[in-house]
Amino acid sequence: MTQPASDISTTVSLGYDGHAPLFRAPEKIRTVFIVTLVAACLPLAGGILFFGYRAAWVAAIAIASCAVFERFYFRVTHTPALLGRSHAYLTGMLLALTLPPFTPWWVVVMAAAFAIIVGKAIFGGVGHFLWQPALLGRFAVAVIVPILASLGIDANLTPDQWPLLAPQHMLLGDIGDVQPMRPGEIYRGWQDHDLPEDDDGWAVPLPTQTLRPLTVATVDVEPAFSSLAAVREHIDHRKPAALTQLPPVGDMLLGARPGGIGETCAVVIVVAGLYLIYRNYVKWGLPLCFLLAAAAVAAVAPVRVDVGGERSVSWPIIAEGLDVGLAYATYQVLSGAVLLGAFFLATEMTSRPVLGGAQMLFGAGAGATAMLLKLYTTLPIPTYVAILIWNTLTPTIDMVWRPRVYGQRHVLRFRRKQH
Amino acid sequence: MHVMFHRYGQFAGGIDLPDENASTIDQPIGMVDSVATLRVPLAPCGTAGASPVVDVGTNVQCGERLAAAPGPGGVDIFAPAAGRVAALTTAVVRHGRDLLACPAIELTDIHGGCGMGAAREVRDWRTVSSNTIRQQLAEGQIATSRPRPEPLIRWVQRAVATACQDLIVNAMENQPYITADHRLLVEYGPQVMQGLAILALACEARQVFLAVDARRTRDYASLVEPAIQYSVNRVALPHKYPIGADPILIKVLTRREVPLGGRPTDIGAAVIDASTCLAAYRWVACGQRLTGRVVTVNGDGVARPGNVFVPFGTSCHDLLGETDAPCVLGGPMTGRQVDGDAVVSPACESVLAVTPTPHAPPSQCIRCGWCRDHCPVRLNVAMLNDMYELGDVAQAEHLGVTACVGCGVCSYVCPARLPLTDRVRRLAGTVRHHRRSMPLLSDMAPSPAAEADR
């Protein structure tokens, strides 16, 4: 490195080296993934609590098959970016959080294969993929399973009524052993609803499905509410908004509602997400803008209202006032996978923009898109599709979003010549 | 009652580093143990070597001229100690984050060095004109003690040519271990202030700042009085790395930004350090040559950590003694790892024996964005890393790569352990090289033919 020059009359530069700085921060890539994995265990624990051991089984299959697929691909191709399995575990965990608890094992394995091989490996591994791999796996099975079902293979990821364990059978119950709601029966909340003998829980409609007739005109399904006035009536009685049709807000926050394994426990997701923000693995702007944009869209997106027997379209906040509008928006944000998407899936480092401001744009766009898809389409996974759409835009956002560097002039940044 | 030190604001980005200076910060400046040989570097400023004016075998006195400057970019070399010229050899010195193998004169039979002993003022500098001061500085052949040294008179001339408004003494020293300028301010505060006044006179600066660490101000009581006498603005700044980088310091103090690829003097600010101020005072007022500097010696396994006055040409091995840790010239964030035979030059404020943090080999970037979040000049380092891997120098220039101050924060925080600082420096070096070798492209006016087409 420091051999003296042969000619002693001249000065020779010995060049740079890669040593400095001599100190390095303790955070490693592995730490990032493992801590995120541990944080993701919290929503999973909530899911296991409310959906029983079958949820744990789905998660175990997802994590194990992701690790196996990644190992297999590395054995074949020796892509160096795939070395190290912590991100495969994390991908498997996030995939499990997005899947319904009653997913058959082969569907989980198929999702893991798509997530690792298509979503991650063929792009070149961590740092190179375009779409969040877990979401790509989830998207793949959401497309493929209905096709298989039409071919006669018995699998359904989007039933009309989703299982939920009763309080007496938490953690140990079997979600295969539940009774669908009878027509006309009114769901009275997780704590209060009657449990038939020999059953571990109930099968109830997803809150999203309950809310959907407000915005999507359906012919055969009776609208859940004739108008938002019904919501107003319940608030006036100081009772949760949709007592007859929706779980109470307390249930929505705790996660006692049907849904994907990790999608339901709002409080737990927020706590885990705040921990990730505290660790600086997630910048606060992205989830905040995601949630704010989703809530704002829900608050102003037109709904079908029923005024004096006449149907029309109006904004929730304008038609029904601030209180009902905000309660409605809160239900919309809490009912789908918006929270999980905001804190865990949209924040995947590789598939989100790098800069803070660009992340806020990304989050706001993904949140608004997610809510629009949720309100006006019948996609089974609107939030995930929205995040995948905005993942596609990430390289563009990165190229366009260029804050001024010290010493650059404000206006000249947009010109071709720098000086 | 006057305010001892004014407080200023912060800058975005940066990190908090450990101090690691408990063993040196309160110890007075000592003398280096007697060394057997000195290899005095003849090109401390990175130019061609100075041409020796003494023959091998002659005995030289302390402060005697050893070599004559090769041109306006270099300085004359003076004997840092009395001894015998043994040979012409080479020595490795630091120059920024580069290393230079430059010609050197080997002195043996060292008897009696020129210390930092009490100096008597022999010249009155307070009543003379700026021109006279500049003439004296030119005769002094002093090299600045910045990481990239240059002749002090050249620095002064540049400041004068750009009508420098602000003269800033950068005594922030917020890398771990380093306390050399701190001890200088504590023990030689009045002299440093007078040297600063001399430089202010030479530069014809309108405002003079002394920027120090906010946590150490209570130690600087002795220099407040002379600072007021010479109307020096005393500024205490928060301890956040890299506030000691020149462009960041200027930004915090004056809200002006050094243009891309430019120098601080382009925006009328000249930055110097305490060591050079003291050297200017000792030459202009006392007639003593610059023959050594105060160096922080510290690190793992160093027998006697402390700040010592070291004659130029002392090898790191002599300073550190027996230690297993690698030797580092300069601070742990911006310094350069060397073999033990590298020598002390004006560029080296510390000689450390630091074991680098062990880490795995670099892996791929996961786009966490921490490098950008902590970058003091807001460079998108992740994208620059892409440009490095793609070899896209033009795009890197478009991203403003020449704004890099080389602080090392991006490498420090990178969870993938990528050598980001190194890569950005290489990109910036390539951009500068292109600008130099193709000057027409950088500021080409629209040609008359193109105008006619339009």
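The rules behind the values
Residues numbered from 1 in each chain as written. Chains lettered and ligands numbered in written order. Predicted model: local features only at pLDDT ≥ 70, side-chain atom pairs only at ≥ 80, totals over all residues. Heavy atoms only, no water. Contact = heavy atoms within 4.5 Å. Buried area = accessible area lost by both parts, 1.4 Å probe. Salt bridge = Lys/Arg side-chain N within 4 Å of Asp/Glu carboxyl O. Polar contact = N/O pair within 3.5 Å; in protein donor to acceptor, adjacent residues only side chain to side chain. Helix = DSSP H or I, 4+ residues; strand = E, 2+ residues; numbered from the N terminus. Nonpolar A, V, L, I, M, F, W, Y, C, P; charged D, E, K, R; others polar. Pairing = 2+ DSSP bridges. Axes fitted to C-alpha atoms, helices over the stretch in contact; angles between N-to-C directions. Buried < 20%, exposed > 50% of the residue type's maximum accessible area, 1.4 Å probe, protein only. Patch = residues over 30% accessible without salt bridge, like charges linked within 9 Å, V, L, I, M, F, W, Y side chains within 5 Å. Areas by Shrake-Rupley, 256 points an atom, 1.4 Å probe, with all protein chains shown as cover. Phe/Tyr/Trp six-rings, centres within 6.5 Å; stacked < 30°, edge-to-face > 60°. Lys NZ or Arg CZ within 6 Å of the ring centre and 35° of its normal. pLDDT = per-residue confidence, 0-100. Parallel < 35°, antiparallel > 145°, perpendicular 65-115°, else oblique. Left-handed = near helix turned anticlockwise from the far one by under 90°.

S.K.: How should I be thinking about the interface of chain A and chain B in this particular structure?
M.R.: The interface is formed by 55 residues belonging to chain A together with 77 residues belonging to chain B. Summed over both sides, the interface of chain A with chain B buries roughly 5900 Å², with 56% coming from carbon and sulfur. Counting across the chain A and chain B interface gives two salt bridges. A salt bridge links E257 of chain B to R404 of chain A, with the shortest nitrogen-to-oxygen separation between them at 2.9 Å. Counting the contacts that link chain A with chain B gives 18 residue pairs in polar contact (both at pLDDT 80 or more). For the side of chain A that touches chain B, the secondary structure elements donating two or more residues are β1 (12–13), α1 (29–51) and α14 (382–400) of chain A. Ranked by the residues each element gives to the side of chain A that touches chain B, the list is headed by α1 of chain A, at three residues. Its residues assigned to classes, the side of chain A that touches chain B shows 26 nonpolar, 17 polar and twelve charged. With two bridges joining them, β1 of chain A and strand β9 (residues 98–108) of chain B adopt antiparallel strand pairing. By the bridge assignment, S13 of chain A is partnered in β9 of chain B with L100 of chain B.

S.K.: What is the right way to look at the sheet that holds strand β3 (residues 178–180) of chain A in this model?
M.R.: Neighbouring strands of a sheet are bound in pairs by backbone hydrogen bonds; such pairs are parallel or else antiparallel. Residues and elements named next belong to chain A. Spatially, three strands are ordered β2-β4-β3 in an open sheet, and the strand pairing comes out mixed. Of all strands in the sheet, those with a lone pairing partner are β2 (161–165) and β3, marking the two edges. Neighbour-to-neighbour, the strand axes of this sheet turn through a mean angle of 35 degrees, independent of strand direction. Pairing analysis gives three bridges linking β3 to strand β4 (residues 201–205), with the strands arranged parallel. Opposite P180, over in β4, you have A203 as the bridge partner.

S.K.: Got a minute to help me understand the pattern of salt bridges in this structure?
M.R.: Once the charged atoms of two side chains with opposite charge are near each other, the side chains can pair. In this structure the tally under the stated criterion is 23 salt bridges over all chains. A salt bridge links R84 of chain B to D109 of chain B, with the nearest nitrogen and oxygen atoms 3.1 Å apart. Of this pair, R84 of chain B sits in strand β8 (residues 83–95) while D109 of chain B sits in the loop between β9 and α1 (130–140); the two residues are 25 residues apart in sequence, bridging distant segments of the chain. With relative accessibility at 30%, the residue R84 of chain B sits in the partly exposed group. Using a relative accessible area of 45% as the deciding quantity, one classes D109 of chain B as partly exposed. Between R126 of chain B and E121 of chain B there is a salt bridge whose closest N-O contact spans 3.5 Å. Relative accessible area serves as the criterion here: at 33%, E121 of chain B is assigned to the partly exposed category. It is possible to trace a salt-bridge network through shared partners that takes in R404 of chain A together with K251 and E257 of chain B.

S.K.: Before we go on, may I ask you to explain a nonpolar patch on the surface in this structure?
M.R.: Residues and elements named next belong to chain A. A contiguous nonpolar patch, built from L42, V249, L253, V267 and V271 and spanning about 360 Å² of accessible area, is present on the exposed surface. If you list the elements that add at least two residues to the nonpolar patch, you get α8 (249–254) and α9 (266–278). As for its position among the elements, L253 is in helix α8. Looking at L253, the relative accessible area reads 34%, which means it is partly exposed.

S.K.: Help me out: how do you make sense of the environment of V186 of chain B in this one?
M.R.: Residues and elements named next belong to chain B. Its place among the elements puts V186 in helix α3 (residues 180–203). For V186, a relative accessible area of 22% corresponds to the partly exposed category. Counting along the chain gives 32 residues from V186 to R218, while the straight-line C-alpha distance between them is 9.8 Å.

S.K.: Hey, could you run me through the packing of aromatic side chains in this one?
M.R.: Where two aromatic rings form a pair, the distance of their centres and the angle of their planes describe that pair. For the structure on display, the rule yields six aromatic pairs over all chains. Each ring, one from F102 of chain A and one from W162 of chain A, has its centre 5.2 Å from the other, and the planes form 75 degrees; the classification is edge-to-face. Here F102 of chain A is found in the loop between α3 (86–98) and α4 (105–120), whereas its partner W162 of chain A is found in strand β2, with 60 residues between them in sequence. Judged by its relative accessible area of 7%, W162 of chain A falls in the buried class. A cation over an aromatic ring shows up here: R123 of chain B above the ring of W283 of chain B, its NZ or CZ 4.9 Å from the ring centre. Above the face of the Y406 of chain A ring, K251 of chain B is positioned so that its terminal group lies 5.2 Å from the ring centre.

S.K.: Sorry, what's going on with the confidence of the model for chain B here?
M.R.: If pLDDT is low for a region, its predicted coordinates should not be looked at in detail. Residues at a pLDDT of 70 or more form 95% of chain B, whose mean pLDDT is 87. Overall, residues 445–454 of chain B carries pLDDT values under 50, and its contacts beyond four positions in sequence, including any with other chains, amount to one contact.

S.K.: In this structure, what is going on with the packing of α4 of chain A against helix α5 (residues 133–150) of chain A? I would like to understand it.
M.R.: Helix packing for two helices is described by the angle between their axes and how far apart those axes are. All names here are of chain A. The geometry of α4 relative to α5 is characterised by a closest axis approach of 8 Å and an angle of 130 degrees between their N-to-C directions. In terms of their interaxial angle, α4 and α5 are classed as oblique. For α4 against α5, the interelement crossing comes out right-handed. Across the interface between the two elements, W106, V107, M110, A111, F114, A115, V118, G119 and K120 of α4 pack against P133, A134, L136, G137, A140, V141, I144, V145 and L148 of α5. Residue classes in the contact of α4 with α5 are distributed as 15 nonpolar, two polar and one charged.

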